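Residues per chain, in single letters:
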Amino acid sequence: QVQLVESGGGLVQAGGSLRLSCAASIRTPSNYAMGWFRQAPGKEREFVASISRGIITYYADSVKGRFTISRDNAKNTVYLRMNDLKPEDTAVYYCAARSILRSQWDYWGQGTQVTVST
């Protein structure tokens, strides 16, 4: 069983920064890719960023150059550093995990709210 808990969300002014954390209960962290998704009110959930078992990362075009995903397997934690935040970044952010044996994102956290004001 995999359990994910997000933290670090809050209210920030446009142009500011936040760092989200995801504490993961995973027996073998090296067997999972980790990712971040977000969902704004009235919109569908969208991909934000992911990181492989190693150092390979992927980013949505909307956040490339502003957001950075990283992981610390010793702490069983994945991070999302968000810089130069914009009002359109306002959403509930979800942490997700995917086993290397599967092609789907099977495990999800409960989400943390990020609100960017002008």
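Residues numbered from 1 in each chain as written. Predicted model: local features only at pLDDT ≥ 70, side-chain atom pairs only at ≥ 80, totals over all residues. Heavy atoms only, no water.

Enquirer: Go over the pattern of salt bridges, please, and point to the residues and values.
Expert: Applying the stated criterion across every chain, the model contains 5 salt bridges. The partner of aspartate 89 in a salt bridge is arginine 66, and the shortest N-O contact between them spans 2.8 Å. Of the two residues, aspartate 89 sits in the loop between strand 8 (77-82) and strand 9 (91-99) while arginine 66 sits in the loop between strand 6 (57-59) and strand 7 (67-72), which places them 23 residues apart along the sequence. Of the residues examined, aspartate 89 reaches a relative accessible area of 1% and is grouped as buried. For arginine 66, a relative accessible area of 10% puts it in the buried group. (Salt bridge = Lys/Arg side-chain N within 4 Å of Asp/Glu carboxyl O. Helix = DSSP H or I, 4+ residues; strand = E, 2+ residues; numbered from the N terminus. Buried < 20%, exposed > 50% of the residue type's maximum accessible area, 1.4 Å probe, protein only.)

Enquirer: Can you break down the side chain of serine 21 residue by residue, with the values?
Expert: Here serine 21 shows up in strand 3 (residues 18-25). Judged by relative accessible area, which is 15%, serine 21 ranks as buried. Residues contacting serine 21, with those up to four places away along its chain left out, are Val5, Glu6, Ser7, Trp36, Thr77, Val78 and Tyr79. (Contact = heavy atoms within 4.5 Å.)

Enquirer: Outline the state of the cysteines, supporting the account with residue identities and numerical values.
Expert: Within this structure, the stated rule accounts for 1 disulfide. The residue that forms a disulfide with cysteine 22 is cysteine 95, at a sulfur-sulfur distance of 2.1 Å. Every disulfide takes its handedness from the sign of the S-S torsion; for cysteine 22 and cysteine 95 that torsion is -85 degrees, giving left-handed. Placement of cysteine 22 in strand 3 and of cysteine 95 in strand 9 is noted, with a sequence separation of 73 residues between them. Owing to a relative accessible area of 0%, cysteine 22 belongs among the buried residues under this scheme. (Disulfide = S-S within 2.5 Å.)

Without other data, these values stay purely geometric and don't point to any function.
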